[in-house]
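Descriptive analysis of the structure
If you want the building blocks of each chain, they are given just below.
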Amino acid sequence: MEFGLFKQVNQGRNFMNQVMPKQNPRQRVWLAIRKFKDDFTLVQVAEEGSMKEGSVRTYLQGLKKAGFIEVAFEEKVDGKGVKRIHYKLVRDVGYNAPTVDRDGGETKPAQVNKAMWNTLRITKKAVNAEELAALSSNDEVLISVLTANVYLQLLNAAGYLSVVEKSQNIAGKKAKYRLMEHMNTGPIPTQIKRAKQVFDPNTNQVMFSERPELEEEL
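By convention here, each chain's residues receive numbers from 1 onward along its written sequence. The model is predicted, so local features are restricted to residues of pLDDT at least 70 and side-chain atom pairs to those at 80 or more, both for listing and for counting; the totals for chains, interfaces and linings are taken over all residues. The side-chain quantities take in all heavy atoms of the structure and omit both hydrogens and water.

**Here's the deal with the overall build of the protein chain**
Rules: Strands here are runs of E lasting at least two residues and helices are runs of H or I lasting at least four, both read from the DSSP assignment and numbered beginning at the N terminus. Only protein chains enter the area calculation, which uses a 1.4 Å probe; residues under 20% of their type maximum are buried, those over 50% are exposed, and those in between are partly exposed. For accessible areas, the Shrake-Rupley method is used with a probe of radius 1.4 Å. Any residue's cover is judged against the shown protein chains and nothing else.
Helix and strand counts for the protein chain stand at seven helices and seven strands. Each helix and strand of the protein chain, ordered N terminal to C terminal, gives the series α-α-α-α-β-β-α-α-α-β-β-β-β-β. Within the protein chain, the proportion of its 218 residues that are buried is 34%. Carbon together with sulfur atoms contributes 50% to the accessible area of the protein chain, which is approximately 13500 Å² in total.

**Observations regarding the nonpolar core**
Rules: The definition of a nonpolar core used throughout is a set of buried Ala, Val, Leu, Ile, Met, Phe, Trp, Tyr and Cys residues joined through side-chain atoms within 4.5 Å.
Counting residues in hydrophobic clusters, the biggest one holds 24 residues, and the most contacted among them are Leu 120, Leu 132, Ile 143, Leu 155, Tyr 160 and Leu 161. Those elements giving two or more residues to this core turn out to be helix H5 (108–123), helix H6 (129–136), helix H7 (145–157) and strand E4 (176–179). Membership of the second largest hydrophobic core comes to 19 residues, among which are Phe 40, Val 45, Val 56 and Ile 69.

**A word on helix H2 (residues 25–35)**
This is how it is decided: Here a residue-residue contact requires only that any non-hydrogen atoms of the pair lie within 4.5 Å.
Buried residues of H2: Pro 25, Gln 27, Arg 28, Val 29, Trp 30, Ala 32 and Ile 33, and no others. Check the buried side of H2 and you find it contacts helix H3 (42–49), helix H4 (53–65), strand E1 (69–77) and strand E2 (82–89).

**Overview of the pattern of salt bridges**
Worth spelling out the cut-off: Only one rule defines a salt bridge in this text: a Lys or Arg side-chain nitrogen within 4 Å of an Asp or Glu carboxyl oxygen.
Enumeration according to the criterion identifies seven salt bridges in this entry. As a salt-bridge pair, Glu 70 and Lys 88 come within 3.6 Å of each other at their nearest N and O atoms. A residue pair is termed long-range when its members are at least 10 positions apart, and Glu 70 in strand E1 and Lys 88 in strand E2 qualify at 18 residues. For Glu 70, a relative accessible area of 34% puts it in the partly exposed group. We note a salt bridge from Glu 131 to Lys 176, for which the minimum N-O separation is 3.4 Å. A residue pair is termed long-range when its members are at least 10 positions apart, and Glu 131 in helix H6 and Lys 176 in strand E4 qualify at 45 residues.

**Digging into the layout of surface pockets**
Space left empty within the atom packing is revealed by a probe, the size of a water molecule, rolled over the atoms. Stated precisely, the cut-off is as follows: In this analysis, the protein atoms alone were mapped onto a 1 Å grid. Cavities are point sets where a 1.4 Å probe fits without being able to get out; pockets are open sets with protein on both sides within 12 Å along at least five of seven lines; lining residues have an atom within 4 Å of a point. Grid points are joined across faces, edges and corners, and a volume is the space filled by probe spheres set on the points. The nonpolar class holds Ala, Val, Leu, Ile, Met, Phe, Trp, Tyr, Cys and Pro. Asp, Glu, Lys and Arg form the charged class, and all remaining residues, Gly among them, are polar.
Its volume calculated, the second largest pocket comes out at about 260 Å³. In this structure, the second largest pocket is lined by 12 residues; those nearest its centre are Leu 42, Val 43, Lys 83, Arg 84 and Ile 85. Elements supplying a minimum of two residues to the lining of the second largest pocket: H3, H4 and E2. Tallying contributions element by element places E2 first for the lining of the second largest pocket, with five residues. Its residues placed into classes, the lining of the second largest pocket shows six nonpolar, one polar and five charged.

**Here's the deal with the packing of aromatic side chains**
The geometry of an aromatic ring pair comes down to the distance between the two centres and the angle between the two planes. Basically, it comes down to this: When two rings of Phe, Tyr or Trp (its six-membered ring) have centres within 6.5 Å they constitute a pair, described as stacked for plane angles under 30 degrees, edge-to-face for angles over 60, and tilted for the intermediate range.
Here the structure, examined in full by the defined rule, presents three aromatic pairs. Residues Trp 30 and Phe 68 carry aromatic rings whose centres are separated by 6.2 Å and whose planes lie at 85° to one another, so their mutual orientation is edge-to-face. Separated by 38 residues along the polypeptide, Trp 30 in helix H2 and Phe 68 in the loop between H4 and E1 bring together distant segments of the chain. Taking the relative accessible area as the measure of exposure, Phe 68 reaches 6% and is therefore buried.

**Details of the environment of Leu 179**
The residue Leu 179 is located in strand E4 in this model. Given a relative accessible area of 10%, Leu 179 falls into the buried group. Discounting chain neighbours no more than four positions away, the residues touching Leu 179 are Trp 117, Leu 120, Arg 121, Tyr 160, Leu 161 and Asn 184.

**Quick look at the packing of H2 against H3**
For the record, the criterion: What counts as an axis is a line fitted to C-alpha atoms, over the stretch in contact for a helix, and the angles between N-to-C directions run from 0 to 180 degrees. Working rule for angles: under 35 degrees goes down as roughly parallel, over 145 as roughly antiparallel, 65 to 115 as roughly perpendicular, anything else as oblique. Each crossing gets its handedness from the near helix: less than a right angle anticlockwise from the far helix is left-handed, clockwise is right-handed.
It is the contact of H2 with H3, at a shortest axis distance of 8 Å, that shows an interaxial angle of 125°. The angle between the axes of H2 and H3 places the two elements in the oblique class. The element H2 and its partner H3 pack so that their crossing is right-handed. Here H2 contributes Pro 25, Arg 28, Val 29, Ala 32, Ile 33 and Lys 35 to the contact with H3, which in turn contributes Val 45, Glu 48 and Gly 49. Within the contact of H2 with H3, the residues separate by chemical class into five nonpolar, one polar and three charged.

Below, the structure written as C-alpha cells:
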C-alpha cells in the first residue's frame, strides 16, 4: 500500500515537472522581487532567484530606470565602509518579468517579437517571411526577412500557425502562414529563447523546444 502511494506521488511530481515551464534567471529574480516587494536587496533576490549578482545588478539598474522599482532606503554595513541599498517594488505588472536593458529601455528582441506577434494577430491573413518583415518593421524596429522566417518556423513548430501555401524552392517562394484563431492566446508576445524554445507568457507554458535544456545566462 505504501509502495503504491509512493509511486503515485512520484508520478504526480513527474507530471508537474513536465507541465511547469523552466524559468529563466530574470524571471526567477522578478518573482523574488514580487515576493519581497516592500523591502529587498540585490543579494537577497540574487540568492532567491539563483542568478549571478553582477547580472542582477544590471537588471535592477534597468528596472529602476524604467520605473518598476525604486530605492527604499540605504543602510551602512558595519566595518565595510559601504552602504547596502534596499529597494521596493512600485510598479507591479504581474507574473512576467519586464524585458528591459540596463538603461531601462525595452530590449530589441522583445520589440521585434511584439511587432511580429501583433501583425499576426491584427492582420489575420496568411503571410510569408518577407511580408511579415515588411508589415512589422517601423521607424524604431527594422526586422529582417531571416528573423521573420525563423519566427514563423518556430511558431509553426509550436502549433500556432497553419500553412496556407507551401514553399516553392524552384520559384523561390516562401511558405505562407496564418495564426490559428484558437492560438491567439493574448496580447503578450510569445518569447523565442536562444535555445530555440517558444514560451507563451499568456498561458505560462513552453509550447515548443528544439532541445530540452534552457540556456540560463544570456
